[in-house]
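Below are the chains, spelled out letter by letter.
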Amino acid sequence: ESAISKNIIEPGTKLDYNIKPKGYREVFTSKIMVSGIKVPNFTQYAEDLIDYPYGCLEQTTSAGFSQLYLDKILQLDPKENRARMENLQAAINKITRFQQSSGKFNYWDNSYYHAWSDIYAGNFMVEMKKLNYLPNKSDMLDRWLTAHVTSANNWALAEVTNEYIYESESMAQAFRLFVLAKGGKPAKSAMNRFVTSNKSVNPVTWWLIAGSFQLSGYDSKAKEFVSKAESLQKNYNSNRSYESFGDKGRDWAIIVEILSYIETDKNKLENYYDQMVETLNNMSWASTQTKGFAFIAAYKYFGKSLQITNKIDYNISGLAGGLKNYQHSAFEPRLITIDKGAYDKTITIQNKGKGALYVYQTDRYIDNNLVKDGASSNLGLNVDYFNATRKQSGITGVRLGDDIIITIRVSNPSALEVSDMALNLKMPAGWELINPRLYETETSKDIGNYNYQDYRDDRVYTFFDLKAGGTETYSFRTKAAFTGDFYMPAVSCEHMYKGTVYARTKTQRVGVGK
């Protein structure tokens, strides 16, 4: 879990911190990020993306973006940079497993495909090549570019009457054209067909088209589509993500990246960057997609601003080694890890410069409060336990060797369909989860519809969509494998890209007798 505080230290003033460990002290960590400009909390974003449990193509790519740019955005010490390189390589290795024979990428390592995620992964590979993390001749990237040049040129929206599908497909094509142009393979005929016939009213679609033309060498056309995008922005309902996992923070980040390529009024780029940061820092919850694009935007923005000579000047007392002085560019945030010896003591940051300091302090910990109540928001969750050995309901009276059937019902009370749901069932330490892929039994038959299911040693993740007003039911089998009194984690279900849709059961204890 995370706890974050944000503070501004004005010139000539100081701020005291007293870092008190939360949860289990031995795994508690605390970091402070100091910047001369407003930035998203990259420390939290990077750690959240690395720790995110599900591992689909989009989430793996977002984690990859965080590691790709982390050393460009923050000043890292050698140990932190080694960890960054290891995490980046792990992301690359995993993305490789998603690639189809066609060159495109699946959303899961099965046949489930999602166009926006595929293009997002292609975007990551293009950026990796620009930073020399891919060889000059990369088979993985070349196959992807070839597949998407063909898709771009063959793309058409014939007889689409549904506005949602029209806008979703248009935005995906615009993103494809943008990434192809960035990758040095602009589909110019497809770009021209798009702008002469497409009726999209989504401003982000036209921002992406502006980026496509700019990166293809058509500066004046790019500025023309920037004007069109800004005009549409004035009367647009930004709550529609159109199959792209988007929200306001993500959309501002896309715009910041595109403006970083276009020679325009400097104030325009700064205003959009400020809007992005303000939106991100006011969001109580940000998706993996939003965090990934925030890294892209900040890297592009910082790269355009690094020639600015604004410096910040401050010192920190209370850390190991005594008083430390820092001077660096306002556009190069410094990350400082708090040593354990400084916990429960006063740490003081003194601003000696002429500009404000923006300070983000992030604690990471494992909560030692194991008793938690259930909670829900815009989602129903019901869990039943049946002891198949003793023919009784519930979890009382469980004995060693008993087979237990867990039935979970997830319901959508909304009149709108919700997609990208993740159900997390974790076992108590004394129960063994039975993987139906390993044991062909009557009770392991698939119940319920899902896009992907991921069995681990002690848990199973199920990913699915819910129709408006609909219910999905899933059944799992476990065996009481050890005697004792065990902690039973909550069963939880959440929307992976909307923090307002979730449900979890209460935690409890379960005994296994002889």
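Cut-offs applied
- Residue positions within a chain follow its written sequence, with the count starting from 1.
- Note on the predicted model: pLDDT of at least 70 is required for a residue's local features to be given, and 80 or more for side-chain atom pairs to be given and counted; whole-chain, interface and lining totals, by contrast, use all residues.
- By convention in this description, side-chain values take in all heavy atoms of the structure and omit both hydrogens and water.
- Segments assigned H or I by DSSP are reported as helices when at least four residues long, segments assigned E as strands when at least two residues long, and all are numbered from the N terminus.
- C-alpha atoms define the radius of gyration, and 2.2 Å times the number of residues to the power 0.38 defines the globule rule.
- Per-residue accessibility, obtained with a 1.4 Å probe over protein chains only, is compared with the maximum for each type, and a residue is labelled buried under 20%, exposed over 50%, and partly exposed between these values.
- Any two residues whose heavy atoms approach within 4.5 Å are treated as being in contact.
- Here the positive residues are Lys and Arg and the negative ones are Asp and Glu; neither His nor the chain ends is included.
- Taken as the charge centre is NZ of Lys, CZ of Arg, CG of Asp or CD of Glu, depending on the residue.
- Helix span is expected to be 1.5 Å times the residue number reduced by one.
- Regarding the arc, it is the one traced by the directions from the helix axis to the C-beta atoms.
- Identification of polar contacts relies on pairs of N or O atoms within 3.5 Å, with a donor-acceptor requirement for protein atoms, meaning one able to donate a hydrogen and the other able to accept it, and with residues adjacent in sequence counted only if both atoms are side-chain atoms.
- For helices, the fitted axis covers only the stretch in contact; all axes are lines through C-alpha atoms, and the angles between them, taken along N-to-C directions, range from 0 to 180 degrees.
- Roughly parallel means an angle under 35 degrees; roughly antiparallel, over 145; roughly perpendicular, 65 to 115; everything else is oblique.
- With the far helix as reference, a near helix turned anticlockwise by less than a right angle produces a left-handed crossing, and one turned clockwise produces a right-handed crossing.
- Here the rule is simple: two strands pair whenever DSSP picks up at least two bridges between them.
- Any carboxyl oxygen of Asp or Glu that lies within 4 Å of a side-chain nitrogen of Lys or Arg is treated as forming a salt bridge with it.
- Note on aromatic contacts: the rings of Phe and Tyr and the six-membered ring of Trp form a pair at centre separations within 6.5 Å, being stacked when their planes are under 30 degrees apart, edge-to-face when over 60 apart, and tilted otherwise.
- In our convention, an over-ring charge means Lys NZ or Arg CZ found within 6 Å of a ring centre and within 35 degrees of that ring's normal.
- Cysteine sulfur atoms that pair up within 2.5 Å are treated as a disulfide.

Below, the discussion takes up the overall build of the protein chain. Counting its regular elements, the protein chain contains 12 helices and 21 strands. The C-alpha radius of gyration computed for the protein chain amounts to 25 Å, which stays within 12% of the reference 24 Å derived for 514 residues, consistent with globular compactness. Each principal axis of the C-alpha distribution contributes one length, and for the protein chain these read about 75 × 70 × 45 Å. Counting only residues that meet the buried cut, the protein chain has 51% of its 514 residues in that class. Considering only intrachain contacts with a sequence separation of at least 6, the fraction spanning at least 24 residues in the protein chain is 75%. The centroid of the 62 positive side-chain charges in the protein chain is displaced by 2 Å from the centroid of its 56 negative side-chain charges.

Our focus in this paragraph is helix H3 (residues 78–97). If you check H3, its first and last C-alpha atoms are 29 Å apart, about what 20 residues at 1.5 Å a residue would give, namely 28 Å. Every buried residue belonging to H3 is among Glu80, Arg84, Leu88, Ala91, Ile92 and Ile95, and all of these are buried. Across the axial projection of H3, the buried residues extend over an arc of 110°, all falling on one side. Pointing more than 90 degrees away from the buried face of H3 are the exposed residues Pro78, Lys79, Arg82, Glu86 and Arg97. Taking the backbone nitrogen of Lys79 as reference, a side-chain oxygen 3.2 Å away marks Asp77 as the first, capping residue of H3.

What follows deals with the packing of helix H4 (residues 115–130) against helix H6 (residues 163–182). Where H4 meets H6, the axes come as close as 10 Å, and the angle between the chain directions of the two elements is 15°. In terms of axis orientation, H4 runs roughly parallel to H6. Note that H4 runs across H6; the crossing there is left-handed. Between H4 and H6, the contacting residues are Trp116, Ile119, Tyr120, Gly122, Asn123, Val126, Glu127 and Lys130 on the first element and Met171, Ala172, Phe175, Arg176, Val179 and Lys182 on the second.

Before going further, it helps to examine the sheet that holds strand E6 (residues 334–337). Spatially, 4 strands are ordered E1-E8-E3-E6 in an open sheet, and the strand pairing comes out antiparallel. Where the open sheet ends on each side, the last strands, each with one partner, are strand E1 (2–9) and E6. This sheet shows a mean twist of 20° between the axes of neighbouring strands, independent of strand direction. Docked against the sheet, helix H1 (residues 42–51) engages E1, strand E3 (29–35), E6 and strand E8 (357–364), running at close to 30° with respect to E8.

Attention now goes to the pattern of salt bridges. Should the charged atoms of two oppositely charged side chains come close, the side chains can pair. Applying the stated rule across the entire model yields 28 salt bridges. Where Glu230 meets Lys268, a salt bridge forms, and the shortest distance between an N and an O atom there is 3.0 Å. Of this pair, Glu230 sits in helix H9 (residues 219–233) while Lys268 sits in helix H11 (residues 266–282), and the two are 38 residues apart along the sequence. With a closest N to O distance of 2.8 Å, Arg390 and Asp402 form a salt bridge. Of this pair, Arg390 sits in the loop between strand E10 (380–387) and strand E11 (392–393) while Asp402 sits in the loop between E11 and strand E12 (403–411), and the two are 12 residues apart along the sequence. The exposure class of Arg390 is partly exposed, given its relative accessible area of 37%. For Asp402, a relative accessible area of 2% corresponds to the buried category.

Glancing now at the packing of aromatic side chains. Aromatic ring pairs: the centre-centre distance and the angle between the two ring planes describe each pair. Enumeration over the complete set of coordinates arrives at 36 aromatic pairs. Ring centres 5.3 Å apart and planes at 85° place the aromatic pair Tyr52 and Tyr54 in the edge-to-face group. Seen from their ring centres, Tyr273 and Tyr301 are 3.9 Å apart, and the 10° between their planes marks the pair as stacked. Placement of the pair is Tyr273 in helix H11 and Tyr301 in helix H12 (residues 288–305), with a sequence separation of 28 residues. Tyr301 carries the same exposure label as Tyr273, and that label is buried. The rings of Tyr52, Tyr54, Tyr107, Trp108, Tyr112, Phe245, Tyr452, Tyr461, Phe463 and Tyr497 are connected pair by pair, giving a single aromatic cluster. Cation over ring: Lys228 sits above Trp206, and NZ or CZ is 3.7 Å from the ring centre. In this arrangement the basic side chain of Arg250 is found over the ring face of Phe293, its NZ or CZ atom lying 5.8 Å from the centre.

The subject of this paragraph is the side chain of Gln361. Of note, Gln361 is situated in strand E8. Assessed through its relative accessible area of 9%, Gln361 is described here as buried. In terms of polar contacts, Gln361 uses its side chain to reach the side chain of Ser30, at 2.9 Å. Looking at Gln361, its side chain comes within polar contact range of the side chain of Asp363, at 2.5 Å.

Turning to the pairing of E8, a few remarks are in order. Among the 8 residues in E8, 8 count as buried, and that is most of the element. Here E8 shows no split at all, with Leu357, Val359, Gln361 and Asp363 on one side and Tyr358, Tyr360, Thr362 and Arg364 on the other all buried. Alignment of E1 against E8, held across 8 bridges, turns out to be antiparallel. For Ala3, the partnering residue across the bridge sits in E8 and is Asp363. Pairing geometry for E3 and E8, over 7 bridges, is antiparallel. Pairing of Ser30 across the sheet is with Asp363, part of E8.

Our next topic: the environment of Val204. Inspection of the secondary structure puts Val204 in helix H8 (residues 203–215). Sequence-distant contacts of Val204, defined by excluding residues within four places in its chain, comprise Met171, Asp251 and Ile254.

Here we take up the sheet that holds strand E20 (residues 498–504). Ordered by their spatial adjacency, 6 strands build an open sheet running E9-E20-E19-E13-E16-E15, and the pairing between neighbours is antiparallel. The open sheet has two edge strands, strand E9 (375–377) and strand E15 (452–455), and neither has a second partner. Neighbour to neighbour, the strand axes of the sheet diverge by 20° on average, direction disregarded. Relative to E20, E9 runs antiparallel, the two sharing 3 bridges. Pairing of Ser377 across the sheet is with Tyr502, part of E20.

Moving on, we come to the state of the cysteines. Using the criterion set out here, one finds 0 disulfides in the structure. No disulfide involves Cys56; its nearest neighbouring cysteine sulfur is the one of Cys493, lying 15 Å away. For Cys56, a relative accessible area of 0% gives the class buried. When its relative accessible area of 1% is taken as the criterion, Cys493 is described as buried.

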